[in-house]
Amino acid sequence: MTTLMRWSEPSIQSGPPCTPTIKNHSVTHHDNYLYCFGGYDGRRNHMTLMIYSVRDHKWMLGKAAGSPPPGRNGHTATLANGERIIIIGGWL
């Protein structure tokens, strides 16, 4: 059996914060949200956590408990036990 998938471009709600303009970031999916961490903008590494609502097509600035890891790019991010995102490796 073949499943047909189709590319589409959603209408993204604008306003602060806007869509991140970074590369080499990680994105982790959990409960209708995409958690985007880190990345490189051509000048520096970032330690920002951005959250995209798949349902609402809207970006939000994320907050997490504790101290964030240093800004990095080229890392991996894995959802563990459905409640934590583990950041491993990358360039600082």
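In the block above lies the structure referred to throughout.
Values in this document were obtained by computation on a predicted structure and should not be read as measured data.

Visitor: Which residues make up unusual backbone geometry, and what values go with them?
Guide: Of all residues except glycine, most have a negative phi; of all peptide bonds, most are trans. Its identity is not glycine, yet Asp31 carries a phi of approximately 50°, on the positive side. Note on placement: Asp31 falls in the loop between β1 (26–30) and β2 (33–37). In this structure, Asn81 is a non-glycine residue whose phi angle is positive, near 55°. Inspection of the secondary structure assignment puts Asn81 in the loop between β5 (76–80) and β6 (84–88). Among the residues examined, Asn81 registers a relative accessible area of 74% and is labelled exposed.

Visitor: For the pattern of salt bridges, give the residues involved together with the corresponding values.
Guide: Counted under the stated rule, the structure contains three salt bridges. For Arg43, the salt bridge goes to Asp41, with nearest N and O atoms at 3.8 Å. Relative accessible area serves as the criterion here: at 27%, Asp41 is assigned to the partly exposed category. A salt bridge links Arg55 to Asp56; its shortest N-O distance comes to 3.9 Å. Residue classification places Asp56 among the partly exposed residues on the basis of a relative accessible area of 40%.

Visitor: I'd like a description of the pairing of strand β3 (residues 49–53), backed by residues and values.
Guide: Walk down a regular strand and you will see the side chains alternate between the two sheet faces. The element β3 is extensively covered by neighbouring structure, given that five of its five residues are classed as buried. Alternating residues of β3 divide into Leu49, Ile51 and Ser53 and Met50 and Tyr52, and every residue in both groups is buried. In terms of strand pairing, β3 meets strand β4 (residues 58–61) through four bridges, oriented antiparallel. The partner of Met50 across the bridge, within β4, is Leu61. Between β3 and the antiparallel strand that follows it, β4, lie four residues; His57 among them carries a positive phi value of about 55°.

Calculation criteria
Residues numbered from 1 in each chain as written. Predicted model: local features only at pLDDT ≥ 70, side-chain atom pairs only at ≥ 80, totals over all residues. Heavy atoms only, no water. Helix = DSSP H or I, 4+ residues; strand = E, 2+ residues; numbered from the N terminus. Buried < 20%, exposed > 50% of the residue type's maximum accessible area, 1.4 Å probe, protein only. Salt bridge = Lys/Arg side-chain N within 4 Å of Asp/Glu carboxyl O. Pairing = 2+ DSSP bridges.

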